[in-house]
Amino acid sequence: MSHAFRNPVPADAARCFDIERTAYDAGSAAPKASIAKRIAQYPAGFLLLEIEGAIVGFINSGCAHQVEMADHGFKDMIGHDPKAPHIVIMSVVVDPKFQGQGLAKALMQEFIKRAADMKKQTVQLMCREHLIPFYGSFGFRYIRPSASDHGGVEWHEMTLDLSPTLAR
């Protein structure tokens, strides 16, 4: 099965929301309105993965000058500036029916490449503890447990320095 990447259009928000709510706990999933807002405000930071023309996963993000990972307002794009040097990932998600096929890895590789192509300095994210090794495999460095209690679960902050990538 071959896959393709693209940036979203507004009509993609419904499918992305369906994936988000099936893959995340109810308290952790972004509302459809937030997903639509992220697509509208920063489509360049929203990467879709398709198989045979159907969206099966995505990564969405915003950009900031100063990163405060536990800032819940940022998830609604408050403080987002597309020219800012730091990308903050809000979701990395693959439809549960397609998990276990290396698609999250393919998404991350493409997302990191595009972030470097946009000359961003870092990529930041929060993840659950069991995903720390996954993100570490891309060069993300563990920072600390997060002050965020989003969805009532424990999160961990990680960062990827893109400076070595940009120097190539």
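See above for the structure.
So, here is what we can say about the structure in this document. Every value quoted in this text rests on a predicted model; they were computed, and no experiment measured them. (Residues numbered from 1 in each chain as written. Predicted model: local features only at pLDDT ≥ 70, side-chain atom pairs only at ≥ 80, totals over all residues. Heavy atoms only, no water.)

1. Considerations on helix H2 (residues 32–41)
Among all positions of H2, only Ser-34, Ile-35, Arg-38 and Ile-39 are buried. What you see down the axis of H2 is that its buried residues fit within an arc of 140°, all on one side. Seen from the buried face of H2, the exposed residues on the opposite side, beyond 90 degrees, are Ala-33 and Ala-40. (Buried < 20%, exposed > 50% of the residue type's maximum accessible area, 1.4 Å probe, protein only. Helix = DSSP H or I, 4+ residues; strand = E, 2+ residues; numbered from the N terminus. Arc of directions from axis to C-beta.)

2. So, the sheet that holds strand S6 (residues 141–145)
Read across the sheet, 7 strands follow the order S1-S2-S3-S4-S5-S7-S6 without closing on themselves; strand pairing throughout is mixed. This sheet does not close on itself; its edge strands, each paired only once, are strand S1 (3–6) and S6. Here the average twist between neighbouring strands, direction ignored, is 25°. As paired elements, strand S3 (residues 54–64) and strand S4 (residues 86–94) share 8 bridges and run antiparallel to each other. By the bridge assignment, Gly-62 is partnered in S4 with Val-88. On top of the sheet, helix H1 (residues 13–23) reaches strand S2 (46–51), S3 and S4; it is set at about 90° to S3, its chief contact. Contacting S2, S3 and S4, H2 crosses the sheet at an angle of about 105° to S2. (Pairing = 2+ DSSP bridges. Axes fitted to C-alpha atoms, helices over the stretch in contact; angles between N-to-C directions. Contact = heavy atoms within 4.5 Å.)

3. A closer look at the side chain of Asp-12
The residue Asp-12 is located in the loop between S1 and H1 in this model. Setting aside anything within four residues of it in sequence, one finds Asp-12 in contact with Arg-6, Ile-39, Leu-48 and Ile-55.

4. Topic: the environment of His-156
Along the chain, His-156 falls in strand S7 (residues 156–161). Given a relative accessible area of 5%, His-156 falls into the buried group. In the structure, His-156 is positioned 25 residues away from Leu-131 in sequence and 9.2 Å away in space, judged by C-alpha atoms. Among all residues touching His-156, those that are not within four sequence positions of it are Leu-125, Met-126, Cys-127, Arg-128, Glu-129, Ile-132, Tyr-142, Arg-144, Pro-145 and Ser-146. Side chain to side chain, His-156 and Tyr-142 meet in a polar contact 2.7 Å long. (Polar contact = N/O pair within 3.5 Å; in protein donor to acceptor, adjacent residues only side chain to side chain.)

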